[in-house]
Amino acid sequence: MPRMISRLAGAGMAAAALLFTTGCAAGVAQTQAASTVAPTLADEGRTQALLDYLRSQNTTGFLVIEDDRTLIDQAWSPPVGDRMFSAFLYGHTADGVLLEDVASQQKSFIAVLAAVAVDKGLLDVDQPVSRYLGAGWSKATPEQEGRITVLHLLNMTSGLDEGFAYTHPAGAQFFYNTPVYAVTKRVLTAASGQSLDAMTRAWLTEPLGMKDTDWRQRPAALASAGNDTALVTTPRDIARLGLMVLSGGLAQDGTRVVSQAQLAAMFERSQANPAYGRLWWLNGADYAVRGVDRRTEGPLIAAAPMDLVGAYGLFERRLYIVPSRHLVVVRTGAAAIDKDFDQQLWLRLMKVLGDRPASAPEP
């Protein structure tokens, strides 16, 4: 069973901190200038090399929490003159933390909302999408469309192209398709009878204490890509979602947010792509399908633990969760320079973390 990660509480402003407590507490700095490096990271040279690398890769925020302790929290100013990155910025929190549109990382948050909807009896992922949206939501024939289920939207196997035209039988091929993914938001609002904002607040952000997370309308240039709402958040709030996953679906006060069964279902490997679950990327598979006919052999990140699961967004926005290490890692920022950024990050991070065994899970 995943380990319980207990209550987070805000503290202070200049040194503003979150407390992660199950008998221990650690601060997560919340200001642009502040940083935290835990004294348990004995090799300062390796830690500094990691931070230097992250800074060189246009990182704006980096947070590492292991065994309930915040080991690293670092923030940097955004790169100057990056127009594309600027389109993903939405100002700062009251205590100076960047508010960023985390791009496709939002997909994994939607997966959690879908899991909660299943728990509430509002959604059946094995039912056709047309049950919730009515016929004609795609350009497929009625027969073809009727075979596309909500699960096919969640694991990117709808068989539609980005213009919603039919290309393959549903379930036959993985295709990372953001416009079709966005239909999942419409399914959730139809199934719940609530707006996306209201649903997210009631089911996710309020229970988890994610005070700086909400949905925003994207600029027209970004909305034209087929997904017009942005999830705007901070590293601190992203980490809260990761801690909920590690806790087995529990909020900071012990309230259940999502069932263990639905949490596990999110991370079941799809037949069309064993490196992908329900809008989450999964390490440790024999191969990964990253696009149409783009198969790569081996795990997603060879340097990382094989049980890593990830919420990935454009510009290498990352939430990595590693149950075997009780580990949450968050990276925000502009596009990394290195094409193999994930691998290079984990090569350095594992040197910092070392081979210390994780604490035994709670029964």
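From a predicted model like this one, the values you see are computed outputs, not experimental measurements. Numbers given for residues are sequential positions, taken from 1 along each chain in its written order. Given that the model is predicted, a residue must reach a pLDDT of at least 70 before its local features are reported, and side-chain atom pairs must reach 80 or more before they are shown or counted; all residues, however, enter totals for whole chains, interfaces and linings. Side-chain metrics rest on all non-hydrogen atoms present in the structure, leaving aside hydrogens and water.

Visitor: Describe the overall build of the protein chain, and please don't skip the residues or the numbers.
Guide: Secondary structure summary: the protein chain contains 13 helices and 15 strands in total. Residues counted as buried form 56% of the 363 residues belonging to the protein chain. Sequence separation of at least 24 residues holds for 57% of the intrachain contacts in the protein chain that already meet a minimum separation of 6. The numbering of helices and of strands both runs from the N terminus, where a helix is a DSSP run of H or I of at least 4 residues and a strand a run of E of at least 2. Each residue gets one of three labels from its accessible area relative to the maximum for its type: buried under 20%, exposed over 50%, partly exposed in between, using a 1.4 Å probe on protein chains only. Any two residues having at least one pair of non-hydrogen atoms within 4.5 Å are treated as being in contact.

Visitor: I'd like a description of the packing of helix H8 (residues 183–192) against helix H9 (residues 196–208), backed by residues and values.
Guide: Where H8 meets H9, the axes come as close as 10 Å, and the angle between the chain directions of the two elements is 75°. It follows from the interaxial angle that H8 and H9 lie roughly perpendicular. Only Leu196, Met199 and Trp203 of H9 make contact with H8, whose side of the interface consists of Lys185, Leu188, Thr189 and Ser192. Think of it as three bins: nonpolar holds Ala, Val, Leu, Ile, Met, Phe, Trp, Tyr, Cys and Pro, charged holds Asp, Glu, Lys and Arg, and polar takes everything else, Gly as well. Here the residues of the contact of H8 with H9 are counted per class, giving four nonpolar, two polar and one charged. Lines fitted to C-alpha atoms define the axes, with helix axes restricted to the stretch in contact, and inter-axis angles between N-to-C directions lie between 0 and 180 degrees. Orientation labels follow simple angle bins: below 35 degrees gives roughly parallel, above 145 gives roughly antiparallel, 65 to 115 gives roughly perpendicular, and whatever is left gives oblique.

Visitor: How would you explain the pattern of salt bridges if you had to name every residue and give the values?
Guide: The salt bridge criterion pairs a side-chain nitrogen of Lys or Arg with a carboxyl oxygen of Asp or Glu, the two atoms within 4 Å. Summed over the entire model, instances satisfying the criterion amount to ten salt bridges. Glu297 is the salt-bridge partner of Arg295, the closest N and O atoms lying 2.8 Å from each other. Residue Arg295 is classed as partly exposed on the basis of its relative accessible area of 49%. It is possible to trace a salt-bridge network through shared partners that takes in Asp212, Arg236, Asp237 and Arg240.

Visitor: Any chance you could break down the sheet that holds strand E9 (residues 229–233) for me, citing the residues and the numbers?
Guide: Taken in spatial order, the four strands make up an open sheet running E6-E7-E9-E8, and their pairing is antiparallel. Because the sheet does not close on itself, it has two edges, and the strands there are strand E6 (89–92) and strand E8 (214–217). Averaged over all adjacent pairs, the angle separating strand axes in this sheet is 30°, with direction ignored. Here the rule is simple: two strands pair whenever DSSP picks up at least two bridges between them. Bridging between strand E7 (residues 98–101) and E9 involves two bridges; their strand directions are antiparallel. In the sheet register, Glu100 faces E9, and the bridge partner there is Thr233.

Visitor: An account of the pairing of strand E4 (residues 59–66) is requested, with residue identities and associated values reported.
Guide: Most of E4 is tucked away, with eight of its eight residues classed as buried. Across seven bridges, E4 lies against strand E15 (residues 327–333) in antiparallel orientation. Note on E15: the bridge partner recorded for Thr59 is Gly333. Here E4 folds back onto strand E5 (residues 69–75) in antiparallel fashion, the turn holding two residues, of which Asp67 has a positive phi close to 50°.

Visitor: Tell me what's going on with the side chain of Thr332, and back it up with residues and numbers.
Guide: Mapped onto the fold, Thr332 is located in strand E15. A relative accessible area of 4% places Thr332 in the buried class. Setting aside its immediate chain neighbours within four residues, Thr332 contacts Thr59, Thr60, Gly61, Glu100, Pro235, Ile238 and Arg317.

Visitor: If you had to explain the packing of helix H3 (residues 106–119) against H9 to someone new, which residues and values would you point to?
Guide: Taken N-terminus to C-terminus, the directions of H3 and H9 make an angle of 75°; their axes are 11 Å apart at the nearest point. Regarding the angle of H3 to H9, the classification is roughly perpendicular. In this structure, H3 contributes Phe109, Ile110, Val112, Leu113, Val116 and Ala117 to the contact, and H9 contributes Leu196, Met199, Thr200, Trp203 and Leu204. For the contact of H3 with H9, a count of residues per class yields ten nonpolar, one polar and no charged.

Visitor: Requested: an account of the confidence of the model for the protein chain, with residues and values cited.
Guide: Here the protein chain averages 87 in pLDDT, while 84% of its residues score no lower than 70. A score from 0 to 100, pLDDT tells how confident the predictor is in each residue. For residues 1–34, every residue scores under 50 in pLDDT, and the model assigns this stretch 105 contacts once sequence neighbours within four places are set aside. Of the regions scoring below 50 in pLDDT, residues 358–363 engages in 14 contacts with residues more than four places distant in sequence or in other chains.

Visitor: I'd like to hear about the pairing of E15, residue by residue, with values.
Guide: With respect to burial, E15 is a largely interior element, seven of its seven residues being buried. Side chains Leu327, Val329, Arg331 and Gly333 project from E15 onto one buried face, and the interleaved Val328, Val330 and Thr332 project onto a second face that is buried too. Counted along the chain from strand E14 (residues 317–322) to the antiparallel partner E15, the turn is four residues long, and its residue His326 has a positive phi close to 50°.

Visitor: Quick one: what's the story with the packing of aromatic side chains, residue by residue and with numbers?
Guide: Stacked, edge-to-face and tilted labels apply to pairs of Phe, Tyr and Trp rings (six-membered ring for Trp) whose centres lie within 6.5 Å, assigned for plane angles under 30 degrees, over 60, and everything in between, in that order. Going through the model one piece at a time under the given rule, you end up with twelve aromatic pairs. Relative to Trp346, the ring of Tyr320 has its centre 5.3 Å away and its plane inclined at 85°; by these criteria the two rings are edge-to-face. Placement of Tyr320 in strand E14 and of Trp346 in helix H13 (residues 341–353) is noted, with a sequence separation of 26 residues between them. Classification of Tyr320 by relative accessible area gives buried; the value is 0%. Among the aromatic residues, ring-to-ring pairing joins Phe174, Tyr176, Tyr276, Trp281, Tyr312, Tyr320 and Trp346 into one connected group. Criterion for a charge above a ring: Arg CZ or Lys NZ at most 6 Å from the ring centre, at most 35 degrees from the ring normal. The lysine or arginine in question, Arg318, covers the ring of Tyr312, its NZ or CZ lying 3.9 Å from the ring centre.

Visitor: Hey, could you go over the nonpolar core for me, with residue numbers and the actual values?
Guide: What is meant by a nonpolar core is a set of buried Ala, Val, Leu, Ile, Met, Phe, Trp, Tyr and Cys residues, joined one to another through side-chain atoms within 4.5 Å. Core analysis: the biggest nonpolar cluster contains 96 residues, and Leu123, Trp280 and Trp346 have the highest contact counts within it. The contact partners of Trp346, leaving out residues within four places of it in the chain, are Ile301, Ala303, Ala304, Pro305, Leu308, Tyr320, Val322, Leu327 and Val329. Phe85, Phe88, Ala103 and Phe315 belong to the second largest nonpolar core, which has five residues in total.

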